[in-house]
Amino acid sequence: MFESLIGAVVVVVLFVLVLRQQGRISLIERELGALRSLVLSGVNVAAPAAKAVEAAVNDSVPADAAQATTAIADIASPTVAEVAQAPAAAPEAATSEPMPELSAAAKAALTGSAPAATAKAARQSEVETALGTRWAVWVGGIALALGGLFLIRYTIEAGIFGPEVRLALAALLGLVLIGGGEFIRRTGFKVPVEGVAGAYIPAILTAAGAFILFGTVYAAHAVYGFVGPAFAFTVLGAIGVATIVAALVHGQALAGIGLVGSMATPALVSSQAPNPWALFIYLAIVLAATAVIARMRDWKFLIAAAFFGTGAWTIAYMMAAPGTDLAVILFIDAVTLAVLAFIWLGSRGGEAETARNGFDWPSIVPGVFVAFSALGLSVDTTLVAAGGALPGATVLVALVATALYMPRALPLLHAAGVVSVMIYLGIIPPATIGSDISQGNIGFDGMPVAAGNPWTLRIGIGLGLVFIGAGFWAARRFAATAQVRAACWAAWGVAAPLVILLALWFAYGNLDRDLAYAAVAALLVVVFAAGGEGIARAEQPPLKGDIAVSFALCGSALAGLLMLHMAFGSGWTTLLAGVAAVVPALATRWRSYPVLGWISVGAVVAVLGRIAFDPTIVGAEFLTKTPVFNWLLPGYGVPALAFGFAAWQLARTTNGRPRLAMEAGAALFALLTVAMLVRHAMHGGIIDTGTVTLAEQAIYTLIAIGAGAILVAIDMRSPSSVLRYGSMAAGVVSVAFIVFQHFLVLNPLFTDESTGQIPVFNLLFLAYLLPAIAAGGLALYARDKRPPWYAQMLAVVAALLVFAYATLSVRRVFKGEFIGLWSGLGQLETYTYSALWLVIGVVLLTAGVWLKSQVLRIASAALIAIAVVKVFLFDMSELEGVLRALSFIGLGAVLIGIGLFYQRLLTRAAREVDKDKQEQ
């Protein structure tokens, strides 16, 4: 019942659609008649008609549709020409005939403009057009294909025919659909309805027929067993390839159907004794045929899908087959690369087109799969045991060679480089990914990875030479025309050899000191530098120092860093790495490559990383306890001097951002030298243990304040936002040190730390007075060079440090070396604080007036207010006798003196104002 209802609905829909199409055809016939009458009457409709035809066929259509459109134009042209050559009597005869009524679309075509009503009507008919044309054709094609399969199923369930008859009828239906599609393509319905090129009926019928044929052959093999696997495999493959070939006249969608069927054929046909050679020869044929078709039509998605299917079968074979044949894998990899290079990318223009079009994105797919197969051949224990490490290396070399031969296949280079790095990083012990130390193997994504074998060293050397030679040759070749491609080749020309060298050194060399590997690294320094110079000479203009040259020279610098680490101990490595920053700075005398200055900056970063890893330079056990004259002095001081010299040299040549960075590096290392020597001296030669004391923290605070001042000075010479904000950051850090460490955490009032036995030059002098002088000096220096809040912040901190120093010094006079709060307060000590705070307030007031600093005057007022509160609330209750009286007398005298002082200032200011008015 339900199926009958669906059938009735389908019949009604088809009947309505047929009537609708018949109405559209009648309308077109009437409009063509009207246009003919207008032509006969002498109206010039050639141009509007041409525009109308052009608009009608503007959408992309398959090859036959385009040919049919051309045919219509050929038919229409003679008609218009014949009418134009008609005798003058023709218009008169034509005018006597009734003029047919024109539709809005025809009128728009004649006048060359489309009225708003026509546009609205066109929008309203879009849904109707979609339902009546595109969806009808698509759903109809799917229905035909499914209907054929359902018919076979129905005959099986009903037992109407035997298996042979059922399969023959299904095959006949598929052939009829394919023949019908070809018949319609050749004889009828050549031109699709406007905007319906995607619903090209011949292609839909052909696809449905191919689908039915696939199902028929598969049923004959898998369901009934009428044909063997060899015959079924051959026929299914032939159907798939024929479908792909038919796409030449039916479009890319049909090719996709044929490709899917071809790639699914090996999975559909099972065999008791599968032959891998038959499988991969078949895949090679399908890949080559698809590539030819895709190349003729420039179908990128089709060729990418073909490469994907072939690669997926290759990886599945490598992972599933217990006895994998290495020759089969090498064969299909070779075929894949050959199809890519000679069929898909062959004859695609010369150097100019290659530089203009960049890389070919479909080549990403074969690059990934072929490189992954090389990874499996190189690291899988079973595959390595079967054929050694040479097959994987051979595939990697083939990838590089293909990318070198076909420049647009650049993704192959990246794939080969990434896989080479993965292989050689995997031999570095201990492994960081799924390591199995007990068996000496490494795990990669659940797959056991072979450790280094006797061939690893030789293959590593060979691969390194391949990347160096191909990388620098190609970089020089493209340096003038394709800078990005040249940069890619140069980058892998240095990256892969460096990683291989590092991995081989870790696996086979002496990690403490190995002069043989150091010599190889030194050779790479020379080779990379010479290669960069060769690339620079090939640039346009020459010696510009573009990104490819930058990669080469950066590789030379990294090789030099490896050489130092391999040849020298940790102390000499740190020292010489700092000195090495001078070399690229000196090179700017002869070459103005932008990267040279940044290589010097890279040396700063390298030395910073080295001292972060080991601040003792030579190791804690080898660092002597001799103050100052130990490894810390050259380890930090020599790089500081080298960075300063490099900055001086860059200032006279390139004079850019690298010079500023080198100046900052020199200042930083100078401060670090002092800080580390101080910590070494104060902790008995041990710098990586022990808590920070107040004296040590005071030195760090002084260093931070000094760094801020140095950065301000450098910024005033060469303005830079980095130096500007860096100097303010140093000032904020120093203030944070003071507030949290000096006043709270390490304050001897709370810690009862010894302040020393020397009366003046003691811990309080170092921790409070010196930072106060430094912060005040920086505030005075930066008041016109930095935002007002910055100088005011430093001025307030300086005033607080002076207050703290004076107060703590008074307590030290009364309590001695230890001044903890729990030792109590005496009456004379309490009175002394009041007097001292009043004196400090007056001093701050005087300084604020002299320096015209409102912050200091406010600080003075705040301190005097604190003294007033102390006298009235604390001294009145705690002091007795003459001390209480002196406290109030002193407070009154100071306050009166301040009042007289301010009155004098106001009187002087008023006199100056009156004098200015009189002069005016």
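Residues numbered from 1 in each chain as written. Predicted model: local features only at pLDDT ≥ 70, side-chain atom pairs only at ≥ 80, totals over all residues. Heavy atoms only, no water.

### Some points on unusual backbone geometry
Among all residues save glycine, negative phi is the norm, and among peptide bonds the norm is trans. Here is the rule: We count a stretch as a helix when DSSP gives it H or I for four or more residues in a row; a strand needs E for two or more, and each element gets its number in order from the N terminus. Note on classification: 1.4 Å probe, protein chains only; a residue is buried when its accessible area is under 20% of the maximum for its type, exposed when over 50%, partly exposed between these limits.
Following Q540, the chain continues into P541 via a peptide bond in cis, with omega recorded as -5°. The topology assignment puts P541 in the loop between helix 21 (515-537) and helix 22 (547-567). We note that D298 has phi near 55°; this positive angle belongs to a residue other than glycine. With respect to the helices and strands, the residue D298 is situated in the loop between helix 11 (276-297) and helix 12 (300-320). Residue classification places D298 among the partly exposed positions, given a relative accessible area of 36%. Within the chain, L543 stands out as a residue other than glycine whose phi angle is a positive 60°.

### Considering the nonpolar core
Here is the rule we go by: Remark: nonpolar core denotes a set of buried residues (Ala, Val, Leu, Ile, Met, Phe, Trp, Tyr, Cys) joined through side-chain atoms within 4.5 Å. Should any heavy atoms of two residues lie within 4.5 Å, those residues are counted as being in contact.
Formed by 108 residues in total, the largest nonpolar core has its most connected members in L396, L399, Y424, W489, F528, I535 and M566. Take this core: its biggest share by element is 14 residues, from helix 20 (residues 483-508). Setting aside its immediate chain neighbours within four residues, M566 contacts L501, W505, R513, D514, Y517, A518 and A521. Counting 43 residues, the second largest nonpolar core, distinct from the first, contains I705, M728, Y768 and L863.

### As for the packing of aromatic side chains
How we decide: Geometry of aromatic contacts follows a simple scheme: Phe, Tyr and Trp rings, the Trp one being its six-membered ring, pair when their centres are within 6.5 Å, and the pair is stacked under 30 degrees between planes, edge-to-face over 60, tilted otherwise. In this scheme, Lys NZ or Arg CZ marks a charge over a ring once it lies within 6 Å of the ring centre and within 35 degrees of the ring normal.
Here the structure, examined in full by the defined rule, presents 13 aromatic pairs. Here the aromatic rings of F342 and Y405 are separated by 5.6 Å at their centres, their planes lie at 50°, and the arrangement is tilted. Remark: Y405 occurs in helix 17 (residues 390-405) and F342 occurs in helix 13 (residues 326-344); sequence separation between them is 63 residues. Taking relative accessible area as the criterion, F342 reaches 56% and is therefore assigned exposed. Plain terms: the ring middles of F643 and F669 are 5.1 Å apart, the flat faces sit at 80° to each other, and that makes the pair edge-to-face. Of the two residues, F643 is situated in helix 26 (residues 632-651) and F669 in helix 27 (residues 657-682); the sequence distance between them amounts to 26 residues. Here the two residues F643 and F669 agree in accessibility, since each one is buried. We note R485 situated over the ring of F478; from NZ or CZ to the ring centre the distance is 5.4 Å. A cation over an aromatic ring shows up here: K785 above the ring of Y781, its NZ or CZ 4.2 Å from the ring centre.

### Re a nonpolar patch on the surface
How we decide: Without a salt bridge and with relative accessible area above 30%, a residue can belong to a patch; like charges are then joined within 9 Å and nonpolar side chains (Val, Leu, Ile, Met, Phe, Trp, Tyr) within 5 Å. For the accessible areas, the method is Shrake-Rupley and the probe is 1.4 Å, while residue cover comes only from the protein chains on display. By definition, a salt bridge exists where a carboxyl oxygen of Asp or Glu is found within 4 Å of a side-chain nitrogen of Lys or Arg.
Judged by side-chain polarity, V739, F740, L744, V745, F750, L821 and W822 come together as a nonpolar surface patch covering roughly 730 Å² of accessible area. Relative to the elements of secondary structure, V745 occurs in helix 29 (residues 721-745).

### Focus: helix 31 (residues 763-782)
Using the following cut-off: A helix is expected to reach a length of 1.5 Å times the quantity of its residues less one. Think of a polar contact as two N or O atoms within 3.5 Å of one another; within protein, one of them needs to be a possible hydrogen donor and the other a possible acceptor, and neighboring residues in sequence only count if both atoms come from side chains.
The first and last C-alpha atoms of helix 31 sit 28 Å apart over 20 residues, in line with the 28 Å expected at 1.5 Å per residue. Of all the positions in helix 31, only L763, L764, F765, A767, Y768, P771, A772, A775, L778, A779 and A782 are classed as buried. Its side-chain oxygen placed 3.0 Å from the backbone nitrogen of L764, N762 serves as the N-cap of helix 31.

### Things to note about the pattern of salt bridges
Taken as a whole and judged by the stated rule, the model has seven salt bridges. With a closest N to O distance of 3.3 Å, K300 and D298 form a salt bridge. Across the pair R591 and E533 runs a salt bridge, and its minimum N-O distance is 2.7 Å. Separated by 58 residues along the polypeptide, R591 in the loop between helix 24 (582-587) and helix 25 (594-613) and E533 in helix 21 bring together distant segments of the chain. Shared partners join several salt bridges into a network, and the residues in it are E533, R537 and R591.

### Remarks on the packing of helix 12 against helix 13
To characterise two packed helices, one gives the angle between the axes of the helices and the distance between these axes. In plain terms, the rule: Inter-axis angles, ranging from 0 to 180 degrees, are taken between N-to-C directions of lines fitted to C-alpha atoms, where helices are fitted over the stretch in contact. Here is the rule for angles: anything less than 35 degrees is roughly parallel, anything more than 145 is roughly antiparallel, 65 through 115 is roughly perpendicular, and the remaining ranges are oblique. Each residue is assigned to one of three groups, with Ala, Val, Leu, Ile, Met, Phe, Trp, Tyr, Cys and Pro labelled nonpolar, Asp, Glu, Lys and Arg labelled charged, and all others, Gly among them, labelled polar.
In the contact formed by helix 12 and helix 13, the axes pass within 10 Å of each other and the chain directions differ by 170°. Viewed along their axes, helix 12 and helix 13 adopt a mutual orientation that is roughly antiparallel. Of the residues in helix 13, those in contact with K300, I303, F307, T310, T314, Y317 and M318 of helix 12 are V328, I329, I332, D333, T336, V339, L340 and W344. For the contact of helix 12 with helix 13, the per-class residue count stands at 10 nonpolar, three polar and two charged.

### Remarks on the confidence of the model for the protein chain
Rules: The predictor rates its confidence in each residue with pLDDT, a number between 0 and 100.
Of the residues in the protein chain, 64% reach a pLDDT of 70 or more, and the chain-wide mean stands at 75. Across residues 190-199 the pLDDT falls below 50, and counting only partners more than four positions away or on other chains, this stretch makes 28 contacts in the model. Taken together, the stretch residues 430-451 has pLDDT below 50 and engages in 29 contacts with residues farther than four places along the chain or on a different chain.

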